[in-house]
Amino acid sequence: MSGLLPVEEAQARTLTLRTPLSPETIAFSECFGRYLSQPVTALRDQPAAALSAMDGYAIRFADLPGPWTIAGEVAAGAVPSRALGPGEAIRIFTGAMLPEGADTVVVQEDVAAKGATLTLTGDGPAARGRHIRPRAGDFAAGAPLLDAGARLTPGAIAAAIMAGAPAAPVHRRPRVAILSTGDELVEPGRPLAPGHIPDSNGAMLAAMLAAEPAAVALPLHARDERGTISNILRELARHHDVIVTIGGASVGDHDHVRGALADAGGAVDFWRVAMRPGKPLIAGTLGEAVLLGLPGNPASAFVTATLFLLPLVRHLAGARDPFQPRGQAPLAVPLAAGGDRRDYLRARLDGGALTPLDSRDSGQTRPLIAANALIVRDRDASARDAGALVDYIAIA
Ligand SMILES: Nc1nc2c(c(=O)[nH]1)N[C@H]1C(S)=C(S)[C@@H](COP(=O)(O)OP(=O)(O)OC[C@H]3O[C@@H](n4cnc5c(N)ncnc54)[C@H](O)[C@@H]3O)O[C@H]1N2
Ligand code: MOO
């Protein structure tokens, strides 16, 4: 089909519409899911000194099998008051600094203390250095820990804090507006007149964005009036980084998004992508804002949001790698040959195998309940047997 942009080209063009947003420094308590604006390098050794990894006694390995004279105690957070001498043991706890002179920890389950005398009752440590966390065993000062553009996962947050970073250097979150268009649409939960349907896409997109570093405004709705849509777009562009419209993207007499964007002073970068569902996707700019015009069919909106909106939001939020990775899994059932566009088939990944869900009608919402993957089937792909490996994208 002519005039349709290949998916990868359309995805790449979407990201070129705007560079990542400005950097800011925020508290670690607020930074989950954000992307780093600069690398994190360790500012300190961790641990900063050799520590005990167990509750027990610090000893010299050469003094085994004891007995020892108990010569003091050191708890986590304290500095040992003296060095360990030959034949001595110092009571020590998990996370406490190892006294100078000690090279091994014997766990308390392996010894018995009577007065100031400690005797071995179990096997004891098998080697010098047992139950000791060496200085800088986690990382040394100067170690590169996280790259710019990395996502702040719980683990990454923990490492950045331990590395001594005072706060999280990240990119600003994109402010995202969602605008459903269509005379037939009614706010969720409101009574429906004949010909009306509930606006399910607005809330669906807000939910998809809830897991992303985005400030998402309450979904809005406009009637199918070019002038109204144009005015709303112009207003939204003043305070948002991304405007997502839903519906009105196709060729019908009531499909006004492209016209309204032009009237508002914006520009279409591309329209129509070689994919199913989602062909009439629009991408463009209006002032500083990027506009994505998603097709109105629920599956089309879902798939185009997955492939274009979420990566755009991540890109603006500073992600180095904004696209969902593709996986491969075997088909649980045979798959028919592909058509003249790239297909993204709603599917269920269960027990390691993929089952395409029955409906290919992009107007249906019910298949979205079970779908946890999109099978990627290339244009003109041949039919595949059950068991054949196919590409998929995991979806939430
Ligand atoms: N002659 C042609 N007709 C259509 C073509 C085409 O190439 N030639 N493309 C079809 C494809 S593919 C799609 S996808 C749809 C997309 O159309 P629009 O983006 O203009 O969407 P609407 O017509 O406004 O709506 C389509 C469908 O989705 C329902 N809808 C819309 N918004 C919502 C919402 N917020 N929540 C729930 N449901 C929504 C709407 O009622 C329609 O049923 O065009 C085909 N037509
Ligand atoms: O592309 Mo439409 O999205 O096939 O239903």
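Not measured: the values here are computed from a predicted model.

### Considering the pairing of strand 6 (residues 88-92)
In terms of burial, strand 6 is a largely internal element, four of the five residues being buried. The pairing of strand 5 (residues 68-74) with strand 6 spans four bridges and is classified as parallel. Bridging from a neighbouring strand, valine 74 pairs with isoleucine 92 of strand 6.

### Observations regarding the site of ligand 1
Surrounding ligand 1, one finds 27 residues, the nearest of these being Asn201, Gly247, Ala249, Ser250 and Gly296. For the shell around ligand 1, the elements supplying multiple residues, two or more each, are helix 3 (201-210) and helix 6 (298-316).

### Description of the nonpolar core
The biggest cluster of nonpolar side chains holds 77 residues, and the ones touching the most others in it are Leu233, Val242, Ile243, Val244, Leu292 and Val313. Considering each element in turn, this core owes the most residues, 12 residues, to helix 6. Here valine 313 is in contact with Pro174, Val176, Leu209, Glu212, Ala214 and Val242, once residues within four sequence places are set aside. Core analysis: the next-biggest nonpolar cluster, separate from the first, contains 20 residues, Tyr57, Ala58, Leu98 and Val111 among them.

### Regarding the domain arrangement of the protein
Where interface size is given, it is often the accessible area lost as the parts come together that is meant. As assigned here, the protein comprises domain 1 (7-22 + 172-316), domain 2 (24-43 + 147-171), domain 3 (51-133) and domain 4 (326-394). Distance between the C-alpha centres of domain 2 and domain 3: 37 Å.

### Examining the packing of helix 1 (residues 7-16) against helix 6
Packing of helix 1 against helix 6 brings their axes to within 9 Å, and their N-to-C directions diverge by 35 degrees. As for how helix 1 packs across helix 6, the hand of that crossing is right-handed. Across the interface between the two elements, Val7, Gln11, Thr14 and Leu15 of helix 1 pack against Leu307, Phe308, Pro311, Leu312 and His315 of helix 6. In the contact of helix 1 with helix 6, the residues fall into six nonpolar, three polar and no charged.

### What to know about the UniProt feature "domain: MoaB/Mog" (unreviewed entry) in the protein
According to UniProt, the feature "domain: MoaB/Mog" (unreviewed entry) maps to residues 177-315 in the numbering used here. Split by type, residues 177-315 is 34% helix and 27% strand. Its first and last C-alpha atoms lie 17 Å apart.

### Looking at unusual backbone geometry
Look at the link from glycine 66 to proline 67: it is a cis peptide, with omega at -5 degrees. Looking at the element boundaries, proline 67 is found in the loop between strand 4 (56-59) and strand 5. Cis rather than trans, the peptide bond between arginine 276 and proline 277 has omega equal to -5 degrees. Structurally, proline 277 can be placed in the loop between strand 20 (275-276) and strand 21 (282-286). A positive phi angle, near 60 degrees, is found at alanine 136, a position not held by glycine. Following the sequence through the fold, alanine 136 ends up in the loop between strand 10 (132-133) and strand 11 (144-146). With 17 C-beta atoms counted inside 10 Å, the residue alanine 136 sits in the partly exposed group. A positive phi is found at aspartate 380, a non-glycine position, where the angle reads about 60 degrees. Summarising the element assignment, aspartate 380 is placed in the loop between strand 26 (373-377) and strand 27 (389-394).

### Looking at helix 1
All buried positions along helix 1 are accounted for by Val7, Ala10 and Thr14. Within helix 1, the buried residues cover an arc of 65 degrees as seen down the axis, which keeps them to one side. The exposed residues of helix 1 that point more than 90 degrees off its buried face are Glu8, Glu9 and Thr16.

### Details of helix 4 (residues 226-237)
Every α-helix winds through 3.6 residues per turn, so residues three or four apart in the chain are directed the same way. End to end, helix 4 covers 16 Å across 12 residues, agreeing with the expected 16 Å (1.5 Å per residue, within 8%). Listed in full, the buried residues belonging to helix 4 are Ile229, Ser230, Ile232, Leu233, Leu236 and Ala237. Taken around the axis of helix 4, the buried residues stretch over an arc of 165 degrees, which confines them to a single face. For helix 4, exposure combined with an orientation more than 90 degrees from the buried face picks out Gly227 and Glu235. Tucked inside the fold, the buried residues of helix 4 contact strand 13 (175-181), strand 17 (220-222), strand 18 (242-246), helix 5 (257-263), strand 21 and strand 22 (289-294).

### Topic: the sheet that holds strand 7 (residues 104-107)
The strand order across the open sheet built from six strands is 7-4-6-5-9-8, with neighbouring strands paired in mixed fashion. The sheet is open, and its two borders are formed by strand 7 and strand 8 (111-114), each paired with just one other strand. Across the sheet, the mean angle from the axis of one strand to that of its neighbour is 40 degrees, orientation sign disregarded. Strand direction decides the pairing type here: strand 5 and strand 9 (residues 117-120), joined by two bridges, are antiparallel. For tryptophan 68, the partnering residue across the bridge sits in strand 9 and is leucine 118.

### Re the environment of serine 250
Along the chain, serine 250 falls in the loop between strand 18 and helix 5. Spatially, the C-alpha atoms of serine 250 and isoleucine 282 are 9.1 Å apart, while their sequence positions differ by 32 residues. Those residues within four positions of serine 250 in sequence are excluded, and the remaining contacts are Asp255, Pro280 and Pro295.

### Re the packing of helix 3 against helix 6
Direction vectors running N to C along helix 3 and helix 6 enclose 35 degrees, while the axes themselves pass 10 Å from each other. At the point where helix 3 passes helix 6, the crossing takes the right-handed sense. Residues Asn201, Met204, Leu205, Met208 and Leu209 of helix 3 form the contact with helix 6, whose own contacting residues are Pro298, Ala301, Phe302, Ala305, Leu310 and Val313. In terms of residue class, the contact of helix 3 with helix 6 is made up of 10 nonpolar, one polar and no charged.

### Focus on the environment of isoleucine 395
With respect to the helices, strands and loops of the structure, isoleucine 395 is situated in the segment after strand 27. We classify isoleucine 395 as partly exposed; it has 19 C-beta atoms within 10 Å. C-alpha of isoleucine 395 to C-alpha of asparagine 372: the two residues are 23 residues apart in sequence and 5.1 Å apart in space.

What counts and how
- Residues numbered from 1 in each chain as written.
- Chains lettered and ligands numbered in written order.
- Predicted model: local features only at pLDDT ≥ 70, side-chain atom pairs only at ≥ 80, totals over all residues.
- Buried ≥ 20, exposed ≤ 12 C-beta atoms within 10 Å, placed from the backbone.
- Helix = DSSP H or I, 4+ residues; strand = E, 2+ residues; numbered from the N terminus.
- Pairing = 2+ DSSP bridges.
- Near = placed C-beta within 6 Å.
- Core = buried A, V, L, I, M, F, W, Y, C linked by C-beta atoms within 7 Å.
- Contact = placed C-beta atoms within 7 Å.
- Domains from an automatic or database assignment.
- Axes fitted to C-alpha atoms, helices over the stretch in contact; angles between N-to-C directions.
- Left-handed = near helix turned anticlockwise from the far one by under 90°.
- Nonpolar A, V, L, I, M, F, W, Y, C, P; charged D, E, K, R; others polar.
- UniProt positions renumbered as here; feature names shortened; annotations may be inferred.
- Arc of directions from axis to C-beta.
- Expected span 1.5 Å × (residues − 1).

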